[in-house]
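# Survey of secondary and tertiary structure
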Amino acid sequence: MSDVRHVLVLPDRDAAEEVVAALGERFGVDEEPRLVRDALAGEDDAEDAQWLVVLRDEEGRLDPAELDEFAAEWEGWREEP
């Protein structure tokens, strides 16, 4: 079993929360992904933060290209490992 993770980068918390809610329906994700706020060093303004949705894919069944297209629906992207 490998430790494969996908990281989706979203522009704001609302988009990230919508992505988390939609992942189960769209991709059949059972385990709830982690939601993480990622601010640039020295940035305190919440508007400058990005939100990361981290999901495990130990069986490698999620297609990276499909995840990237999915994140793009919320003006986000999948971070390359």
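Residues numbered from 1 in each chain as written. Predicted model: local features only at pLDDT ≥ 70, side-chain atom pairs only at ≥ 80, totals over all residues. Heavy atoms only, no water.

## Notes on the packing of aromatic side chains
The cut-off we apply is this: Between 30 and 60 degrees the pair is tilted, below 30 it is stacked and above 60 it is edge-to-face, where a pair is any two Phe, Tyr or Trp rings, Trp via its six-membered ring, whose centres lie within 6.5 Å. The way it works is that DSSP assigns letters per residue, a run of H or I at least four long becomes a helix, a run of E at least two long becomes a strand, and they are numbered from the N terminus. Relative accessibility decides the category of a residue: with a 1.4 Å probe and only protein chains considered, values under 20% of the type maximum give buried, values over 50% give exposed, and everything between is partly exposed.
Under the criterion given, the structure shown has 2 aromatic pairs. Centre to centre, the rings of F27 and F70 are 5.2 Å apart; their planes meet at 90°, and the pair counts as edge-to-face. Of this pair, F27 sits in helix α1 (residues 13–27) while F70 sits in helix α2 (residues 64–72), and the two are 43 residues apart along the sequence. By the burial criterion, F27 is buried, and F70 matches it. Judged by centre distance (4.9 Å) and plane angle (65°), the ring pair of F70 and W74 falls under edge-to-face. Of the two residues examined, F70 and W74, each falls in the buried class.

## Description of the pattern of salt bridges
Rules: Salt bridges are defined by distance alone: a side-chain nitrogen of Lys or Arg within 4 Å of a carboxyl oxygen of Asp or Glu.
Taken as a whole, this structure holds 5 salt bridges when the rule is applied. Put simply, R56 and E31 hold a salt bridge, and the shortest N to O gap is 3.8 Å. Within this pair, whereas R56 is found in strand β3 (residues 50–56), its partner E31 is found in the loop between α1 and β2 (34–38), the two being separated by 25 residues in sequence. For R56, a relative accessible area of 41% translates into the label partly exposed.

## A word on the side chain of D57
We apply this condition: We treat Lys and Arg as the positive residues and Asp and Glu as the negative residues; His and chain ends play no part in the count. Contact between two residues is taken to exist if any of their heavy atoms lie within 4.5 Å; hydrogens are not considered.
Following the sequence through the fold, D57 ends up in the loop between β3 and α2. No salt bridge is formed by the buried D57. Its closest oppositely charged neighbour is R61, at 5.1 Å. With residues up to four places along the chain from it excluded, the contact list for D57 reads V4, H6 and L62.

## Concerning the sheet that holds β2
Using the following cut-off: Whether two strands pair comes down to DSSP finding at least two bridges between them. Between N-to-C directions, angles cover 0 to 180 degrees, with each direction set by a line fitted to C-alpha atoms, over the stretch in contact for helices.
Read across the open sheet, the 4 strands follow the order β2-β3-β1-β4; overall the sheet is antiparallel. Bordering the open sheet on either side are β2 and β4 (77–79), each of which pairs with just one other strand. The mean angle between the axes of side-by-side strands here comes to 30°, regardless of whether they run parallel or antiparallel. As paired strands, strand β1 (residues 5–10) and β3 are joined by 6 bridges and run antiparallel to one another.

## A word on the pairing of β3
The buried fraction of β3 is high, at 5 of 7 residues. Here β2 runs beside β3; their pairing, made up of 5 bridges, is antiparallel. Its bridge partner being in β3, L35 is matched across the sheet by V53.

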